[in-house]
Amino acid sequence: PYDCNAGVVNWEQGWSDAKKSWCCEKTGTACDPFDCNAGLANWEAGWSLQKKSWCCAHKNQGCTTTTSLPYDCNAGVVNWEQGWSD
């Protein structure tokens, strides 16, 4: 039901979860290289550097920062132009 070649360059942001799941399962396209929920409780000792880097950059999990970010850039992103302050 999905064209897994259409929009593949921007699959992470541009595809629905249903399309991601279907294309990954049926064609091996658009699969996350790491399961960031697997081993999350022990990520510091249990994850490879590659997994830490990828999960932090793409899923905001397993990040080594010790301070909280001043803004949650995912909150309200759908309506950011009207909803966010300057």
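(A) Here's a closer look at the overall build of the protein chain. From N to C terminus, the protein chain includes 5 helices and 0 strands. For the protein chain, the spread of C-alpha atoms along the principal axes amounts to about 45 × 40 × 20 Å. For the protein chain, with 86 residues in total, the buried portion stands at 20%. Residue pairs at least 24 apart in sequence account for 9% of intrachain contacts in the protein chain once pairs closer than 6 positions are excluded.

(B) How the structure looks around the state of the cysteines. As enumerated under the stated definition, the model contains 4 disulfides in all. Between the sulfur of C4 and that of C23 lies a disulfide, 2.1 Å long from S to S. Its torsion about the S-S bond being -90 degrees, the disulfide of C4 and C23 is classed as left-handed. Of this pair, C4 sits in the segment before α1 (11–14) while C23 is found in helix α2 (residues 17–27), placing the two residues 19 residues apart along the sequence. Exposure class is identical for C4 and C23. Each is buried. If the cysteines joined by disulfides in the protein chain are listed in sequence order, their pairing comes out as 1-2, 3-4, 5-6, 7-8.

(C) Structural detail: the side chain of K51. For K51, the position within the fold is in helix α4 (residues 49–59). At 6.1 Å, D35 is the nearest oppositely charged side chain to K51, a buried residue that forms no salt bridge. A distance of 3.0 Å separates the side chain of K51 from the backbone oxygen of A38, its partner in a polar contact.

(D) Structural detail: a nonpolar patch on the surface. Residues V77, V78, W80 and W84 make up a contiguous nonpolar surface patch of about 450 Å² in total accessible area. Considering the arrangement of structural elements, one finds W84 in the segment after α5 (80–83).

(E) Region of interest: unusual backbone geometry. One non-glycine residue, A30, lies in positive phi territory at about 65 degrees. Note that A30 resides in the loop between α2 and α3 (43–46). Classification of A30 by relative accessible area gives buried; the value is 12%. A positive phi angle is found at N60, which is not glycine, with a value near 55 degrees.

Here is what the cut-offs are and how they apply
Residues numbered from 1 in each chain as written. Predicted model: local features only at pLDDT ≥ 70, side-chain atom pairs only at ≥ 80, totals over all residues. Heavy atoms only, no water. Helix = DSSP H or I, 4+ residues; strand = E, 2+ residues; numbered from the N terminus. Buried < 20%, exposed > 50% of the residue type's maximum accessible area, 1.4 Å probe, protein only. Contact = heavy atoms within 4.5 Å. Disulfide = S-S within 2.5 Å. Lys, Arg positive; Asp, Glu negative; His and termini not counted. Salt bridge = Lys/Arg side-chain N within 4 Å of Asp/Glu carboxyl O. Polar contact = N/O pair within 3.5 Å; in protein donor to acceptor, adjacent residues only side chain to side chain. Patch = residues over 30% accessible without salt bridge, like charges linked within 9 Å, V, L, I, M, F, W, Y side chains within 5 Å. Areas by Shrake-Rupley, 256 points an atom, 1.4 Å probe, with all protein chains shown as cover.

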